[in-house]
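# Residue-level structural notes
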Amino acid sequence: MRRDANTQFAANVVEHTLDVVHGWIPRHRKRPLCIGVSGLQGSGKSTLVRQLARRARSRGLRCEVLSLDDFYLGRRERLRLAQAVHPLFATRGVPGTHDVALLLRVLAGLARASPARPVRVPRFDKGRDTRLPPSRWRAVTRAPALVLLEGWCVGVAPQSSAPLARPVNALERDEDADGRWRRYVNDELAGSCARAWRRLDRLVLLQAPRFDVVAHWRGEQERRLRRRGAPRAMDGAALRRFLMHYERLSRHALRTLPARADLRLVLDARRTVRAITAR
């Protein structure tokens, strides 16, 4: 199965996945089917949902794609959170750095979207590290049949207290010695994130083979950014520190999400789909 640098999923994988998704949509359903697409950083979530949406529309299904990244708090809001709760919240990524209330409003609004009641879908500018003004948000004026929500921690449940007490890397050991940051993240998973995940009808998982492949996958993205001259592209040292913010929940997701997913696309280290398993 061929892959290129943009993780183009083979047509048969997309078609098979869409066949499964299509079978989940009951006749005469009055609200959109909402599917979460989860996977570690660099696993190909954005590419997969774009291709699924394109093929769904070609079959006559109205489909909207939401990215959890577009619901990040802007830099100023995160700095306020960093001052009030913990300095590590200055870095976007973990639960607590998203505007989940906005996500819930968008999900609720899509079910009744119309020209008279358009739903504005936010966009986050990662180069400027803030959300674009609402005047530049996409307007949805028709209720979709299918909503795809993709994000690296979509569907992840909170941890129990025992593993939460032990640091998983140097960042947690040195900069979160009392566990305040990771406990707040866990509380967000148990609270606002859990409310959002309950809005999902199904969960699709891009299942990575192990956590350490994320450094390679994400490194590919950063190298492409540097070639394009992006000012915020990270070098190796910066990337290693950045990924430590995600390590705890990434490892937790690897252990727990396969049993919760309704459809698993099992990847190898080259992001080739080795198996597709439906529950």
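Quantities reported herein were computed from a predicted structural model and do not represent experimental measurements. (Residues numbered from 1 in each chain as written. Predicted model: local features only at pLDDT ≥ 70, side-chain atom pairs only at ≥ 80, totals over all residues. Heavy atoms only, no water.)

Quick look at the overall build of the protein now. A tally of regular secondary structure across the protein gives 9 helices and 10 strands. Taken over C-alpha atoms, the radius of gyration comes to 19 Å for the protein, in line with the 19 Å a tight globule of 279 residues would show. Counting only C-alpha atoms, the protein reaches 55 × 45 × 45 Å along its principal axes. Evaluated residue by residue, the protein yields a buried proportion of 52% over its 279 residues. Within the protein, contacts between residues separated by at least 24 positions form 75% of all contacts whose residues are at least 6 apart in sequence. Element-wise, carbon and sulfur atoms account for 49% of the exposed surface of the protein, whose accessible area totals about 13600 Å². Of the side-chain charges in the protein, 57 are positive and 26 negative, and the distance between the mean point of each set is 5 Å. (Helix = DSSP H or I, 4+ residues; strand = E, 2+ residues; numbered from the N terminus. Rg over C-alpha atoms; globule rule 2.2 N^0.38 Å. Buried < 20%, exposed > 50% of the residue type's maximum accessible area, 1.4 Å probe, protein only. Contact = heavy atoms within 4.5 Å. Areas by Shrake-Rupley, 256 points an atom, 1.4 Å probe, with all protein chains shown as cover. Lys, Arg positive; Asp, Glu negative; His and termini not counted. Charge placed at Lys NZ, Arg CZ, Asp CG, Glu CD.)

Pairing is mixed in the open sheet, where 6 strands are placed in the order β2-β7-β1-β8-β9-β10. In the strand order of this sheet, the two ends are held by β2 (63-67) and β10 (273-278), each with one partner. Strand after strand, the sheet turns through a mean of 15° between neighbouring axes, direction not considered. Across 5 bridges, the pairing between β2 and strand β7 (residues 146-151) is parallel. The partner of cysteine 63 across the bridge, within β7, is leucine 146. Packing of helix α2 (residues 45-58) onto the sheet brings it into contact with β1 (33-39), β2, β7, β8 (202-207) and β9 (263-267), and relative to β7 it is tilted by some 170°. Along the sheet, helix α4 (residues 100-110) makes contact with β1, β2 and β7, crossing β2 at roughly 180°. (Pairing = 2+ DSSP bridges. Axes fitted to C-alpha atoms, helices over the stretch in contact; angles between N-to-C directions.)

Three or four residues apart is the spacing at which side chains of an α-helix point the same way, because the helix has 3.6 residues per turn. Spanning 25 residues, helix α9 (residues 236-260) covers 33 Å between terminal C-alpha atoms, matching the ideal 36 Å at 1.5 Å per step. The sharpest bend along α9 comes to roughly 50°, located at tyrosine 246. Burial in α9 covers these residues: Leu239, Phe242, Leu243, His245, Tyr246, Glu247, Arg248, Leu249, Ser250, His252, Ala253 and Leu257. (Expected span 1.5 Å × (residues − 1). Bend = angle between axes of the 7 residues up to and from the residue.)

Our focus in this paragraph is the side chain of arginine 78. Within the secondary structure, arginine 78 sits in helix α3 (residues 75-84). Once residues lying within four places of it in the same chain are set aside, the contact partners of arginine 78 are Leu73, Phe89, Ala90, Thr91, Arg92, Thr97, Phe124 and Asp129.

Along the chain, leucine 132 falls in the loop between β5 (130-131) and β6 (138-140). Taking the C-alpha atoms as reference points, leucine 132 and aspartate 70, separated by 62 residues in sequence, lie 9.3 Å from one another. Apart from residues no more than four positions distant in its own chain, leucine 132 is found in contact with Arg123, Asp125 and Trp137.

If you trace the backbone, tryptophan 217 turns up in helix α8 (residues 213-227). Separated by 52 residues in the primary sequence, tryptophan 217 and alanine 269 have C-alpha atoms spaced 8.7 Å apart. In contact with tryptophan 217, not counting residues within four places along its chain, are Gln41, Gly42, Ser43, Ala208, Pro209, Leu267, Asp268, Ala269 and Arg271.

A surface patch of like charges, here positive, comprises Arg75, Arg76, Arg80, Arg123, Arg128 and Arg136. Among the secondary structure elements, arginine 76 is positioned in helix α3. (Patch = residues over 30% accessible without salt bridge, like charges linked within 9 Å, V, L, I, M, F, W, Y side chains within 5 Å. Salt bridge = Lys/Arg side-chain N within 4 Å of Asp/Glu carboxyl O.)

A few words now on the packing of aromatic side chains. To describe a pair of aromatic rings, you give the distance between the ring centres and the angle between the ring planes. Applying the stated rule across the entire model yields 5 aromatic pairs. Look at phenylalanine 89 and tyrosine 184: their rings are 5.1 Å apart centre to centre, the planes differ by 70°, and that puts the pair in the edge-to-face class. Residue phenylalanine 89 is found in the loop between α3 and α4, and its partner tyrosine 184 is found in helix α7 (residues 180-197); the two are separated by 95 residues along the sequence. By relative accessible area, phenylalanine 89 is classed as buried at 0%. Given the relative accessible area of 27%, tyrosine 184 is considered partly exposed. Of the aromatic side chains, those joined through ring pairs into one cluster are Phe89, Trp181 and Tyr184. (Phe/Tyr/Trp six-rings, centres within 6.5 Å; stacked < 30°, edge-to-face > 60°.)

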